[in-house]
Amino acid sequence: MKQQDGGQYKGFYKAMPAPGAAVLLLLFLVPLFFTLSTAFLSEEGFTLSRVQQTFTSAYTIRILLFTLYQAALSTLASVVVALPGAYLLANYSFRGKRFIRALTTVPFVIPSILVVLGFVIFFGNNGFLNQFLMKTFSLEKPPIQILYSFKAIILAHTFFNFPIIMNLVSSYWEHMDMHCEMAAWTLGARKGKTFRTITLPRLLPSIISASTLVFLFCYNSFAIILVLGGGPQFTTMEVEIYRLARTSMDSGAAASLSLFSILVTSFLLIWYNKSQKMLARSEAYTTSTKRLDKRPATVAGKVLALLYSLATSLFILGPIASIVVRSFMASTTRSGAESFSFRWYRQLFAIERGTGHMGSALQALTNSLAIATIVALITVPIALTMATAIRKKGFASSSLELFGMLPMTVSSVIIGLGYYIISNRIRGGVSIGYTLVVLAHMVIAIPFVLRTILPEYRKMPLSYAQSSLTLGAGPLRTFFLIEVPLLKGAMITGGMFAFALSMGEINATLTLANSAIVTLPVVMYRLIGSYNFQGACALGSVLILVCSIVFIVSELAKGESNGR
Amino acid sequence: MADRGLSCAMKASYQDFRLDAAFSVQEGELACIIGPSGCGKSTTLQLIAGLITPEEGSIILNGNDIMQTPVHERQIAMVFQDYALFPHMNVAQNIAYPMKLRKVPKEKRLEEVNRLLSLVSMTEYQKRKPQELSGGERQRVALARALASQPQLLLLDEPLSALDAKLRKHLRSEIRRIHEETGITTLYVTHDQEEALAIADTIIVMQGGKVEQVGSGEEIYHSPNSLFVATFMGEGNTLPYNIIPRSVISQMGGNGFLFKPLEGKHTIFFRPEHVIIQDDETLPLPEFFTHLEFRDAQVVGCEFQGDHFRISLLWEGHQIIAHAEERPRTAKVRLGIRIEKIREFLNGQLVIKN
């Protein structure tokens, strides 16, 4: 008899992922197909000229270069800011370390529209930082004037992304044993030399991997560029695709630019994959001996550690806190003196008639909650069933895994574009519009949920299921009685992740939806566009609340599954 | 105190552990520190290397007190338990690293790398990355790298513990050979007593942060000065001293045995290989010198070990382990142990007879 996993139940394990995979296939490939066909089809039929023109035009090249340039610069700035923090977190124990560590995970869950809003509120000309500086040093003009410029883009990207590098590098660094460094000392290397020749090169895989991730984020950055760039001279691939489709109404050009963008992203992803593999290899060699916990020794070290922690907290929490503070402020007179007020919340919850875009705020909130709930409830079973097959070894499962991760290669703006083109074809009503939003969010969320569930599934020994089978439970009962309960934590985390992702999603939503369709981030975007920042802050605060709940619940679920 | 070689006396304490060790190793010697896990043997190595600092004490290497010398200037190389090969450098680069630090010219470096690689029989592996090596190969490279720094003292922290039994035996003789070729004073930490007996000139037995005994392998094995050393270095039987009057047989008169019980926990100790077994009731024990005789010992277990049988016996409620060339044919046997093979311990310490 062949000793294979699954054995006689092979059929079951083959059937399990099929529905989920089929749904994903449909949701992902159909819009992509529409996008590509739009790129290659004109009134006269099949044509290559449009794609050819897009691929070779100086305009495309300029946008590409700018996109790469801003991403590179943002990544570099993030690395420079993050490394001292990573060093601090990895090598010392000090009061507030756990707090800082928790803070560094914030960018993983915070929606980009909140980053934009927080940035404007905190760093803007009339922002909290300027107000503080002006008051303290009694200045006439705001000292920091960076909004709507290239600097703003880089700064926002850095603020958004350096905690990611700090988080990834420091956790790698922390688990790196000290033996290599000790060996270098015994071989005659000084501390500085050891750091340069041993520690830094050993860290390099994790730095490269984290930077590549950040580079990808910055490359695909949408809301930040759209709002903070403030003009056509700072347009990136994503923003340009959106602009072509929705402002110039030239779907064909948008589609062929998407094709171009997909090619570039694929290269980046291959590189990222390579860096991940490199990281995995170097990690396999690292033993996890506990490092000695030490406190900063010198006074200068202590002061530096303190300053860095304070600055980090300020940079991460400042913008978020200012959103909340600002949401409780309203100007009583036209001239603009602000005072404490519930006005925006009264408008948000429709206790008071909303002004301007605030009128659709409550609608947007309920829409977003409903959409996010549906997305979370559907994506978790899809990802779970796909994971049953993917966790096994073999060609079929690794190709399924690749397929599950495929939507990551295509940016959410491009997915949005696909659904936008579909919606143009079918011309349905509002309900069709919302359905398409749900579908687009699902495509975006599935890879993330899969990535949350899969590692937990792989950690589960195969013998659990096998012993259940020998005890007389069929594969289906084994799945529901053994595997699903064990994966509860991962499923909750994954579902929460999908929920948060959908709540904050703006890229695809903005690209695909017409003005009748409102979600929380879309209304926030419109409020920012009409300079009603306080109103946007009220919506933003609700979003922050939702994200915090999601964050806490998933951390609790994680703790539960670790405690097992 | 030798002025060449290593001589150290160190005190250090950690949460619930106190280390207070003093010993010396002569120049060119290979000394093993052995002890159960948690006895402070690795800490001792790290103290000598300078990776941690003792509260007080002295470390004198070839006449110089190196207590205040920073790690990188001590000229003490160390092979770590996990080898700590630099993962981002290949084999040749790893070995060249200490020479690069000393600004050895490139040609000389290449020459040295080749020489060291042939010393550890790894000439073909220059360009390999540590990740592509097996455990035994990593161990050799780590040793070559340590030697490349031309240390005055070489420390090895359980260098073979991560390898399988067969490879361990092979590599330990390799280490001994390389030690003889280079003549570098070497301190070797292990928890495997067989390994220590096989390669060490001197064995330092440690327990609970203290040095229990220092001596050659034979001394440690045959004349342990505490019950701990006796039972740690190989197998043995421990029985209460007061069984002697019931079992002592003194035939030739003359060298009669003087029974003299002492206050405290007074025990006797002997090795399994010194136990004589007689399984034929009709025959006497083949022993003519003064010995102890245990009649009607019950055979409770017999394991075949290849070159001998390891027999578990029960005599008056005491367990006795014996080694024999043949399997006993009856369930009840007579045991004998020559009196001069017996060691006497009082409260765990050797009782010295004058």
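The rules behind these values
- Residues numbered from 1 in each chain as written.
- Chains lettered and ligands numbered in written order.
- Predicted model: local features only at pLDDT ≥ 70, side-chain atom pairs only at ≥ 80, totals over all residues.
- Heavy atoms only, no water.
- Helix = DSSP H or I, 4+ residues; strand = E, 2+ residues; numbered from the N terminus.
- Buried < 20%, exposed > 50% of the residue type's maximum accessible area, 1.4 Å probe, protein only.
- Contact = heavy atoms within 4.5 Å.
- Areas by Shrake-Rupley, 256 points an atom, 1.4 Å probe, with all protein chains shown as cover.
- Lys, Arg positive; Asp, Glu negative; His and termini not counted.
- Charge placed at Lys NZ, Arg CZ, Asp CG, Glu CD.
- Axes fitted to C-alpha atoms, helices over the stretch in contact; angles between N-to-C directions.
- Left-handed = near helix turned anticlockwise from the far one by under 90°.
- Nonpolar A, V, L, I, M, F, W, Y, C, P; charged D, E, K, R; others polar.
- 1 Å grid on protein atoms, 1.4 Å probe; cavity = no way out; pocket = protein on both sides within 12 Å on 5 of 7 lines; lining within 4 Å.
- Points joined across faces, edges and corners; volume = space filled by probe spheres on them.
- Domains from an automatic or database assignment.
- Buried area = accessible area lost by both parts, 1.4 Å probe.
- Salt bridge = Lys/Arg side-chain N within 4 Å of Asp/Glu carboxyl O.
- Phe/Tyr/Trp six-rings, centres within 6.5 Å; stacked < 30°, edge-to-face > 60°.
- Lys NZ or Arg CZ within 6 Å of the ring centre and 35° of its normal.
- pLDDT = per-residue confidence, 0-100.
- Polar contact = N/O pair within 3.5 Å; in protein donor to acceptor, adjacent residues only side chain to side chain.
- Pairing = 2+ DSSP bridges.
- Core = buried A, V, L, I, M, F, W, Y, C linked by side-chain atoms within 4.5 Å.
- Disulfide = S-S within 2.5 Å.
- Patch = residues over 30% accessible without salt bridge, like charges linked within 9 Å, V, L, I, M, F, W, Y side chains within 5 Å.

What chain B contains, in helices and strands, is 9 helices and 20 strands. In chain B, which comprises 354 residues, the proportion classed as buried is 51%. Long-range contacts, defined as pairs at least 24 residues apart, comprise 68% of the intrachain contacts of chain B with a sequence gap of at least 6. In the form shown here, chain B has an accessible surface area of approximately 16,900 Å², with 48% of it arising from carbon and sulfur atoms. Here chain B contributes 39 positive and 45 negative side-chain charges, whose respective centroids are spaced 4 Å apart.

Let us now look at the overall build of chain A. From N to C terminus, chain A includes 26 helices and 4 strands. For chain A, the spread of C-alpha atoms along the three principal axes comes to 85 × 70 × 50 Å. The buried share of chain A, taken over its 564 residues, is 55%. Restricting to contacts in chain A with at least 6 residues of sequence separation, those with at least 24 account for 77%. A distance of 5 Å separates the average location of the 45 positive side-chain charges in chain A from that of its 20 negative side-chain charges.

To continue, consider the packing of helix α10 (residues 179-186) of chain A against helix α11 (residues 191-219) of chain A. Residue and element names in this part refer to chain A. For the pair α10 and α11, the least separation of the axes is 10 Å and the interaxial angle reads 145°. Crossing hand, α10 versus α11: right-handed. The segment α10 lies against α11, with C180, E181, A184 and W185 engaging K191, T194, I198, T199 and R202. Tallied by class, the residues present in the contact of α10 with α11 amount to 4 nonpolar, 2 polar and 3 charged.

Residue and element names in this part refer to chain B. Evaluation of the coordinates by the stated rule reveals 6 cavities of 30 Å³ or more. Of the volumes computed, that of the largest cavity is approximately 70 Å³. As for the largest cavity, its lining consists of L30, L143, L147, L154, L156, I175, I178, H179, T182, I184 and T186. Sorting the residues of the lining of the largest cavity by element identifies α4 (135-148), β7 (153-157) and α5 (165-182) as the ones contributing at least two each. Among the elements that take part in the lining of the largest cavity, α5 stands out by supplying 4 residues, more than any other. Looking at the lining of the largest cavity, its residues break down into 8 nonpolar, 3 polar and no charged.

It is common to report an interface's size as the accessible area lost on association of the parts. All names here are of chain A. What the domain assignment lists for chain A is domain 1 (1-30 + 346-564) and domain 2 (67-239 + 272-326). Between the C-alpha centres of domain 1 and domain 2 the distance comes to 27 Å. Listed per partner, the contact involves 22 residues of domain 1 and 22 residues of domain 2. The junction of domain 1 with domain 2 conceals about 2,100 Å² of combined surface from both sides, 77% of it contributed by carbon and sulfur atoms. Counting the surface domain 1 buries against domain 2, the share from its top three residues, C537, I544 and F551, is 23%. Between the two partners, domain 1 and domain 2, sit 0 salt bridges.

In the structure shown here, the tally under the stated rule is 25 aromatic pairs over all chains. With centroids separated by 5.6 Å and ring planes inclined at 5°, the aromatic side chains of Y69 of chain A and F150 of chain A adopt a geometry described as stacked. Here F150 of chain A lies in helix α9 (residues 150-175) and Y69 of chain A lies in helix α4 (residues 58-91), a separation of 81 residues in the sequence. One residue, R145 of chain B, lies across the ring of F86 of chain B, its end atom 4.3 Å from the ring centre.

Turning to the confidence of the model for chain B, a few remarks are in order. Residue and element names in this part refer to chain B. Mean pLDDT over chain B works out to 90, with 97% of the residues at or above the 70 mark. Put simply, strand β12 (residues 248-249) is where chain B has its lowest mean pLDDT, 81, and strand β3 (residues 30-34) is where it has its highest, 96. Across the interfaces of the predicted complex, the ipTM metric reaches 0.77, alongside a pTM of 0.78.

What follows covers the interface of chain A and chain B. Listed by partner, the interface residues are 20 residues for chain A and 26 residues for chain B. Summed over both partners, the interface of chain A with chain B buries about 2,100 Å², with 69% contributed by carbon and sulfur atoms. Where chain A packs against chain B, one counts 1 salt bridge. Measuring nitrogen to oxygen at the nearest pair gives 3.6 Å for the salt bridge that ties E73 of chain B to R190 of chain A. Scanning the region where chain A abuts chain B turns up 5 residue pairs in polar contact (both at pLDDT 80 or more). Contributions of two or more residues to the side of chain A that touches chain B are made by α10 and α11 of chain A.

On to the sheet that holds strand β13 (residues 266-270) of chain B. Read from one edge to the other, the open sheet built from 4 strands follows the order β11-β13-β19-β20 (chain B), with strand pairing classed as antiparallel. Two strands in the sheet have a free side with no partner beyond their single neighbour: β11 (237-240) and β20 (349-350) of chain B.

This paragraph deals with the nonpolar core. If you look at the biggest cluster of nonpolar residues, it comprises 172 residues, and the most contacted ones within it are L117, F119, L228, Y419, I453 and L539 of chain A. Composition of this core by domain shows at least three residues from each of domain 1 (1-30 + 346-564) and domain 2 (67-239 + 272-326) of chain A. Apart from residues no more than four positions distant in its own chain, L117 of chain A is found in contact with I323, M524, I528, F533, A536, C537 and G540 of chain A. In terms of nonpolar packing, the next biggest core, distinct from the first, is built from 46 residues, I95, A144, L160 and I178 of chain B among them.

As used here, a disulfide is simply a covalent bond connecting the sulfur atoms of two cysteines. Residue and element names in this part refer to chain A. The final tally for this structure, using the stated rule, is 0 disulfides over all chains. The closest cysteine sulfur to the non-disulfide-bonded C537 is located on C547, 15 Å from its own sulfur. Note on C537: relative accessible area 0%, which makes it buried.

All names here are of chain B. With 5 of 7 residues buried, strand β18 (residues 332-338) is to be regarded as a mostly interior element. The sheet contact formed by strand β14 (residues 275-278) and β18 spans 4 bridges and is antiparallel. Paired with Q278 across the strands is R334, a residue of β18. Across 6 bridges, the pairing between strand β15 (residues 291-304) and β18 is antiparallel. Within β18, the residue paired with Q298 across the bridge is K332.

Moving on, we come to a positive patch on the surface. A grouping of K193 and R196 of chain A together with K100, K103 and K106 of chain B is seen on the molecular surface, where their side chains present a positively charged patch. Checked against the element boundaries, K103 of chain B lands in the loop between α2 (91-101) and α3 (106-119).

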